[in-house]
Amino acid sequence: KAIEQGRVIFGNIRKVFVYLVADDFSELFLFLSAIARGLPLPLLPAQILWINLVEDGSPVIALTTAQEIKGVMDEKPRNPKEPILNKPLKLWMTAIFFITGLAAFLSFFFFWKLTGDLSKTRTIVFVLMCVDSLVFAFSVRSFKRTIFRKDILSNHYLVGAVIVAFVFLLGAIYLPFLQKILATQSLALSEWLIILGISSKEILLIEFFKKRIFVSRTRQIINNALN
């Protein structure tokens with residue numbers, strides 16, 4: 001039982017690390033791409049702080065309570081010298097970095113060109129990155145199991161944290177005093193549908209690369225052991 005819990009705790013540390021770093025790097029990709037194209041800032045400082053403190057904060061705490069024990073004792077002992085970020089995790093994080101960062105940049109670029117409304121475009125990108133973070137919290141629950149499973153909502157702390165964070169997100173774009181602080185605008189239903197459509201495509205790609213990277217590696221290890 002002690003070994004099992006030790007593996008779960010180490011896995012949770014990895015999840016939190018991947019969750020935070022992947023989110024930050026997607027923001028970095030967005031800003032570097034905008035600067036390279038000579039575009040305005042895609043997000044304002046207050047909006048970035050809101051994403052990092054409010055939308056990322058509570059899910060991170062909830063991820064530390066995860067008890068993903070299925071199959072954890074079937075794994076061979078981990079090399080004590082193995083870093084927190086091993087090669088498969090680095091590959092997956094790189095994929096996430098490009099998927100979410102590119103989606104955010106393209107959304108900013110096309111919405112701004114189509115509407116000419118910088119404030120509305122920033123609001124859409126702000127909401128997109130918040131929604132991405134909240135959905136990604138469920139994906140990072142397990143590196144070897146897909147998000148499309150029956151028990152994905154079994155961590156009630158995480159579900160509650162995501163709901164609370166989403167309520168704060170709604171407040172950020174619909175409450176007048178927060179609109180002034182964050183320079184956001186109210187969004188129509190059609191704009192929400194576009195955001196959810198983009199986010200759903202992102203999570204499909206993220207899960208695809210998760211399966212290719214981690215499942216393929218697991219099969220390789222099993223084959224090497226059998227040979």
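Everything below is about the structure printed above this text.
Small disclaimer: the values here were computed from a predicted structure and weren't measured.

**Details of the overall build of the protein**
Consideration 1: Within the protein, the secondary structure is distributed over 8 helices and 0 strands.
Consideration 2: For the protein, the succession of helices and strands along the chain, N to C, is α-α-α-α-α-α-α-α.
Consideration 3: Relative to its length of 227 residues, the protein is compact, with a C-alpha radius of gyration of 19 Å against a globular reference of 17 Å.
Consideration 4: Here the C-alpha coordinates of the protein stretch approximately 60 × 35 × 30 Å along the principal axes.

**Let's talk about the nonpolar core**
Consideration 1: Grouped together as the largest cluster of nonpolar side chains are 30 residues, with contacts concentrated most on Val18, Trp92, Phe136 and Val140.
Consideration 2: Taken together, the elements giving at least two residues each to this core come down to α1 (2-36), α3 (57-63), α4 (87-115), α5 (118-139), α6 (156-174) and α8 (189-226).
Consideration 3: Residue contributions to this core peak at 6 residues, all from α4.
Consideration 4: Those residues in contact with tryptophan 92 that lie beyond four places of it in its chain are Val18, Phe136, Ser139, Val140, Phe143, Ile206, Phe209, Lys210, Ile213 and Phe214.
Consideration 5: Judged by nonpolar contacts, the second largest core, of 28 residues, contains Ala34, Ile124, Phe126 and Ala172.

**Some words on the pattern of salt bridges**
Consideration 1: A full pass over the atoms with the stated rule returns 6 salt bridges.
Consideration 2: A salt bridge links glutamate 82 to arginine 14; the shortest N-O distance between them is 2.5 Å. Here glutamate 82 is found in the loop between α3 and α4, whereas its partner arginine 14 is found in helix α1, with 68 residues between them in sequence.
Consideration 3: Residue arginine 149 pairs with aspartate 151 through a salt bridge whose shortest N-O separation is 2.7 Å.

**Considerations on the environment of phenylalanine 148**
Consideration 1: As for its position among the elements, phenylalanine 148 is in the loop between α5 and α6.
Consideration 2: By relative accessible area, which is 53% here, phenylalanine 148 ends up exposed.
Consideration 3: Considered as a pair, phenylalanine 148 and arginine 78 are 70 residues apart in the sequence and their alpha carbons are 27 Å apart.

**Quick word on the packing of α1 against α5**
Consideration 1: With their axes 11 Å apart at the nearest point, α1 and α5 run at an angle of 155 degrees to one another. By the criterion of interaxial angle, the relationship of α1 to α5 is roughly antiparallel. Crossing geometry of α1 relative to α5 is assigned as right-handed. Within the contact between the two elements, α1 uses Val18, Tyr19, Ala22, Asp23, Ser26, Glu27 and Leu30 and α5 uses Val125, Met129, Ser133, Leu134, Phe136 and Ala137.
Consideration 2: Residues that form the contact of α1 with α5 fall into these classes: 9 nonpolar, 2 polar and 2 charged.

**Description of the packing of aromatic side chains**
Consideration 1: One pass over the full model with this rule turns up 15 aromatic pairs.
Consideration 2: Taken together, a centroid distance of 6.3 Å and an interplanar angle of 65 degrees make the contact between tryptophan 50 and phenylalanine 168 edge-to-face. Of this pair, tryptophan 50 sits in helix α2 (residues 45-55) while phenylalanine 168 is found in helix α6, placing the two residues 118 residues apart along the sequence.
Consideration 3: Residue tryptophan 50 is classed as buried on the basis of its relative accessible area of 15%.
Consideration 4: Judged by relative accessible area, which is 43%, phenylalanine 168 ranks as partly exposed.

**Things to note about the packing of α2 against α6**
Consideration 1: Here α2 crosses α6 at 155 degrees, and the two axes come no closer than 10 Å. Considering their axes alone, α2 and α6 lie roughly antiparallel with respect to each other. Crossing handedness for the pair α2 and α6: right-handed. Between α2 and α6, the contacting residues are Trp50, Val54 and Glu55 on the first element and Ala165, Phe166, Phe168, Leu169 and Ala172 on the second.
Consideration 2: Taken together, the residues of the contact of α2 with α6 sort by class into 7 nonpolar, no polar and 1 charged.

**Observations concerning α5**
Consideration 1: With 22 residues, α5 extends 31 Å from end C-alpha to end C-alpha; this agrees with the ideal 32 Å at 1.5 Å per step.
Consideration 2: Of all 22 residues in α5, 19 are buried, a share of seventy percent or more.
Consideration 3: Looking at where α5 begins, the residue whose side-chain oxygen comes 3.3 Å from the main-chain nitrogen of serine 119 is aspartate 117.

**Here we look at unusual backbone geometry**
Consideration 1: Positive phi is not limited to glycine here, since alanine 183 has a value of about 55 degrees.
Consideration 2: For alanine 183, a relative accessible area of 28% puts it in the partly exposed group.

Calculation notes
Residues numbered from 1 in each chain as written. Predicted model: local features only at pLDDT ≥ 70, side-chain atom pairs only at ≥ 80, totals over all residues. Heavy atoms only, no water. Helix = DSSP H or I, 4+ residues; strand = E, 2+ residues; numbered from the N terminus. Rg over C-alpha atoms; globule rule 2.2 N^0.38 Å. Core = buried A, V, L, I, M, F, W, Y, C linked by side-chain atoms within 4.5 Å. Buried < 20%, exposed > 50% of the residue type's maximum accessible area, 1.4 Å probe, protein only. Contact = heavy atoms within 4.5 Å. Salt bridge = Lys/Arg side-chain N within 4 Å of Asp/Glu carboxyl O. Axes fitted to C-alpha atoms, helices over the stretch in contact; angles between N-to-C directions. Parallel < 35°, antiparallel > 145°, perpendicular 65-115°, else oblique. Left-handed = near helix turned anticlockwise from the far one by under 90°. Nonpolar A, V, L, I, M, F, W, Y, C, P; charged D, E, K, R; others polar. Phe/Tyr/Trp six-rings, centres within 6.5 Å; stacked < 30°, edge-to-face > 60°. Expected span 1.5 Å × (residues − 1). Polar contact = N/O pair within 3.5 Å; in protein donor to acceptor, adjacent residues only side chain to side chain.

Bear in mind that shape data such as this cannot, by itself, settle questions of function.
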